[in-house]
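Spelled out from the first residue to the last, the chains are:
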Amino acid sequence: MLKSHEKYYSEFGKRQVLVVDDEVINREMLGFMLASDYVVLYAEDGEDALQKIRENSHTLSLVLLDLMMPKLDGFQLMEILRTDPELEHIPYIVLTSERSAEVASLRSGASDFIAKPFEQPEVILARIQRTIELAEDKDIIQNTERDPLTSLFNREFFYRYVEQYDMHHPAKKMDAVALNINHFHLLNELYGWDYGDHVLSAIGNKVRELMAENGGIAGRMDADSFLLYYPSGADYDSIRDMLGRGLLEGKATNSNKVKVRIGIYPNVDRDVKIERRFDRAKQAADTIRSSYTKFVAYYDNSLREKELMEESLIESLDTAVAERQFRIFYQPKYDITGEKPVLCSAEALVRWNHPEFGMVSPGVFIPLFEDKGLIQKVDRFVWEEAAAQICAWREKFGITLPVSVNVSRIDVYAPDFVSNFKNLMTKYQLKPQDYYLEITESAYTEDSEQLLAVVGQLREEGFSVEMDDFGSGYSSLNMISTLPIDALKLDMNFIRNMHRKESKNNRIIELMIDIARYLEVPVVAEGVETQDQVDLLRSMGCHVVQGYYFSKPVSAEEFEGFIKELLE
Ligand code: C2E
Ligand code: CA
Ligand code: CA
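Residues numbered from 1 in each chain as written. Chains lettered and ligands numbered in written order. Predicted model: local features only at pLDDT ≥ 70, side-chain atom pairs only at ≥ 80, totals over all residues. Heavy atoms only, no water.

> Help me understand the overall build of the protein chain, please; the structure alone is not making it clear to me.
Per the secondary structure count, the protein chain includes 21 helices and 20 strands. Counting only C-alpha atoms and orienting by the principal axes, one finds that the protein chain spans roughly 110 × 50 × 45 Å. Counting every position in the protein chain, which comprises 568 residues, the buried fraction comes to 50%. Across the protein chain, every contact between residues at least 6 apart in sequence was considered, and the portion connecting residues at least 24 apart equals 66%. Approximately 28,600 Å² of the protein chain is accessible, and the part contributed by carbon and sulfur atoms is 50%. Charge centroids of the protein chain, computed over 64 positive and 95 negative side chains, lie 3 Å from each other. (Helix = DSSP H or I, 4+ residues; strand = E, 2+ residues; numbered from the N terminus. Buried < 20%, exposed > 50% of the residue type's maximum accessible area, 1.4 Å probe, protein only. Contact = heavy atoms within 4.5 Å. Areas by Shrake-Rupley, 256 points an atom, 1.4 Å probe, with all protein chains shown as cover. Lys, Arg positive; Asp, Glu negative; His and termini not counted. Charge placed at Lys NZ, Arg CZ, Asp CG, Glu CD.)

> I keep staring at the domain arrangement of the protein chain and nothing clicks. Help me out?
Where interface size is quoted, it is often the accessible area lost as the parts come together. Its domain assignment divides the protein chain into domain 1 (6–145), domain 2 (155–299) and domain 3 (310–567). If you average the C-alpha positions of domain 2 and of domain 3, the two centres end up 37 Å apart. (Domains from an automatic or database assignment.)

> Mind showing me how you'd approach the environment of alanine 453 here?
Position of alanine 453 relative to the elements: it lies in helix α16 (residues 448–460). Spatially, the C-alpha atom of alanine 453 lies 37 Å from that of tyrosine 292, the residues being 161 residues apart in sequence.

> I'm lost on the coordination of the calcium ion (ligand 3) in this one. Help?
When four donors bind a metal tetrahedrally, each ideal donor-metal-donor angle is 109.5 degrees, and when six bind octahedrally, the ideal angles are 90 or 180 degrees. Distances from the calcium ion (ligand 3) to its protein donors, Asp468 (OD), Asp469 (OD) and Glu526 (OE), fall at 2.0 to 2.4 Å. All donors to the calcium ion (ligand 3) come from one chain, and their sequence spacing reads D-D-x56-E. Separating the calcium ion (ligand 3) and the calcium ion (ligand 2) is a distance of 4.1 Å, and aspartate 468 donates to both of them. One end of the pair, aspartate 468, is in strand β16 (residues 464–470); the other, glutamate 526, is in strand β18 (residues 523–526), with 58 residues separating them in the sequence. Pair check on accessibility: aspartate 468 and glutamate 526 agree, each one buried. (Donors = N, O, S within 2.8 Å, 3.2 Å for Na, K, Ca; no water.)

> Can you walk me through the sheet that holds strand β4 (residues 92–96) in this structure?
Hydrogen bonding along the main chain pairs the strands of a sheet, whether they run parallel or antiparallel. Sheet architecture is open: 5 strands sit in the order β2-β1-β3-β4-β5, paired in parallel fashion. Because the sheet does not close on itself, it has two edges, and the strands there are β2 (38–43) and β5 (112–115). On average, each strand axis in the sheet is tilted by 25° relative to the strand beside it, whichever way the strands run. Strands β1 (15–20), β2, β3 (60–66) and β4 of the sheet are contacted by helix α1 (residues 24–34), whose axis makes an angle of about 170° with β2. (Pairing = 2+ DSSP bridges. Axes fitted to C-alpha atoms, helices over the stretch in contact; angles between N-to-C directions.)

> Whenever I open this one, the coordination of the calcium ion (ligand 2) confuses me. Can you help?
Looking at the calcium ion (ligand 2), the protein donor atoms are Glu347 (OE), Asn406 (OD1), Glu438 (OE) and Asp468 (OD), and they sit 2.2 to 2.4 Å from it. For the calcium ion (ligand 2), the donor residues sit on a single chain with the sequence spacing E-x58-N-x31-E-x29-D. Judged by its relative accessible area of 1%, glutamate 438 falls in the buried class. Relative accessible area serves as the criterion here: at 7%, aspartate 468 is assigned to the buried category.

> How should I be thinking about the site of ligand 1 in this particular structure?
With respect to spatial proximity, 22 residues lie near ligand 1, and among them Gln331, Arg351, Asp379, Glu529 and Tyr548 are the closest. One of the side-chain nitrogen or oxygen atoms of asparagine 406 is found 3.1 Å away from an oxygen atom of ligand 1. Coverage of ligand 1 by the protein amounts to 83% of the 790 Å² it exposes when considered alone. Elements supplying a minimum of two residues to the shell around ligand 1: β12 (342–354), α12 (362–371), α13 (375–397), β16 and α18 (492–496). The leading source of residues in the shell around ligand 1 is β12, at 4 residues. Residues of the shell around ligand 1, tallied by class, amount to 9 nonpolar, 5 polar and 8 charged. (Near = heavy atom within 4 Å. Polar contact = N/O pair within 3.5 Å; in protein donor to acceptor, adjacent residues only side chain to side chain. Nonpolar A, V, L, I, M, F, W, Y, C, P; charged D, E, K, R; others polar.)

> I tried to follow the sheet that holds strand β10 (residues 296–298) on my own but got confused; where do I start?
As summarised here, the arrangement of the 5 strands in space is β7-β8-β6-β9-β10, forming an open sheet in which the pairing is mixed. Looking along the sheet, the strands with just one partner apiece sit at the ends: β7 (217–222) and β10. Taking each pair of neighbouring strands and ignoring which way they run, the sheet shows an average axis angle of 20°. Where β7 meets strand β8 (residues 225–231), 5 bridges bridge the pair, whose relative direction is antiparallel. Within β8, the residue paired with aspartate 222 across the bridge is serine 225. Against the sheet, helix α8 (residues 193–214) touches β6 (174–181), β7, β8 and β9 (260–265), its axis set at about 10° to β8.

> Mind showing me how you'd approach a nonpolar patch on the surface here?
Residues Leu186, Leu190 and Tyr474 make up a contiguous nonpolar surface patch of roughly 310 Å² in combined accessible area. Note that leucine 186 resides in helix α7 (residues 184–191). On the accessibility criterion, leucine 186 (30% relative accessible area) is partly exposed. (Patch = residues over 30% accessible without salt bridge, like charges linked within 9 Å, V, L, I, M, F, W, Y side chains within 5 Å. Salt bridge = Lys/Arg side-chain N within 4 Å of Asp/Glu carboxyl O.)

> Just to check I follow, could you spell out the pairing of β6 for this structure?
A regular strand carries its side chains on alternate faces of the sheet. Of all 8 residues that make up β6, 8 are buried, and the element is covered over most of its length. Because side chains alternate across β6, one face comprises the buried residues Met174, Ala176, Ala178 and Asn180, and the other comprises Asp175, Val177, Leu179 and Ile181, equally buried. Of the pairings in the sheet, the one linking β6 to β8 comprises 6 bridges and is antiparallel in character. Note on β8: the bridge partner recorded for aspartate 175 is tyrosine 230. Across 6 bridges, β6 lies against β9 in antiparallel orientation. For asparagine 180, the partnering residue across the bridge sits in β9 and is arginine 261.

> Sorry, what's going on with the side chain of arginine 27 here?
Note on placement: arginine 27 falls in helix α1. No salt bridge is formed by the buried arginine 27, whose closest oppositely charged neighbour, glutamate 44, lies at an N-O distance of 4.0 Å. There is a polar contact of 2.7 Å between the side chain of arginine 27 and the backbone oxygen of aspartate 21. Ignoring any residue separated from it by four or fewer positions in sequence, one finds arginine 27 in contact with Val19, Asp21, Asp22, Tyr42, Ala43 and Glu44.

As structure tokens, this is what we get:
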């Protein structure tokens, strides 16, 4: 951010001013007045002026502009200055001898006017100085409003400008539009950050062209996420096409298009809060996040219903915790290294028995609460229930069956994250060795620093940490080899695609098991449904298996059957 006006000085330590007048005498007089305070450039006609303005667009502080000139006249030039995004920041003062032209000049965007013939140099100088200062202040303000990479509004100011736009255009039909780049992180990884930045700024330019042509407001929220407030009725397929075109030219890929994905909440309801309108556009865009064929999606009734349902889930969360509507189910894990599979632990999986919606799947409410930063409320409940359950089973059966709980990536930011687990161990007289934590692989790749620190502390305390959904994230081999981890849990999709015959997928599973061997940690396979899969996994060297083959997640009471079996 700019703190001073430094950037406005030319290399001579003075601000640069262009005097445009076809009469020598006027140029000389102004030049004489300005020479000691400014670096003065001169132009004799409109075309000459435009060329000099373009050449010096980054250093020029002001243009003094005659109206009657050959080639391009002053009004034509003003029109260009006012509408060209590269030039619109340069202020201009009109030089005129006709009073009648003053109003027209101001309407054309002139900051001020100076009457000819020139009198009172000190008044003229004061006007010039004031105009330059005003323009610079405005520029400084704009610099804090805009994202430096794309010059689009940043998150803060985008919403404010949308609000203003609404005020000035109360009846205009507008769309809220969310724009993302598919697999942007891959683009960064493949071609480097500089290239990623290049793509973003190219898209920024194209977006600004769109706005210049059709009106509307554009902002960049973060990374590859852009928002537009755009007049309704546009053809978004061709806009998408235009935005993505030509960006990968010269890159080794079979397409020269960056895949842009667009979500639209069309013809917004002005009663809906502004940020909510764009949430709707983002929701629409999210529905095609992993599609390879669909790139434009609209917010519709089904999304509206989903939104309503989500709202009421959020509203009923506290009651649900208080009334214990959340129930913990347990799914057994079996050690398959010996001849007969042996029950070795269980995973705690939460269920919500909602008074209105019935059984709600964690696949619905977990991502929702993660998104809204509410997941801790659920997880803390589950963690305590699981600890209490280990304790209860120990009292009832005389054995300690370890249980693993799931940890969301946001959980690790709580300052008492580690001490909370320690307290649970004390409260239920458990050893940390009997309490496992499952953390998904993508958490490690997304915000590794905090996570690694916390996982380190947990392991020092004696807890076991399993990497969940291994293979679904983007860990590099390099990263994995340095990870503090006690077990790898293969992503279910690999198991689903297992074949009896040799296949690429099988080799990947073998590779992951090799990695685990290298790290000297056991491998857990989940989502195992058939005898064939168990046999294959055993032959590959997998240690622990979890899945419908043995059992679905069941209630604590039902789970006791597995413990009794173990004790027989
Ligand atoms: P996950 O941790 O990967 O859990 C495994 C999911 O696979 C569970 O789904 C489980 O019921 C299911 N599953 C187990 N065996 C099989 C099988 O053989 N075939 C198939 N098709 N599926 C199987 P569930 O219970 O619906 O949980 C979904 C996800 O929700 C979990 O995935 C986990 O990420 C999250 N989750 C569940 N409980 C909690 C919790 O208490 N806290 C947090 N943060 N997340 C949770
Ligand atoms: Ca899990
Ligand atoms: Ca998993």
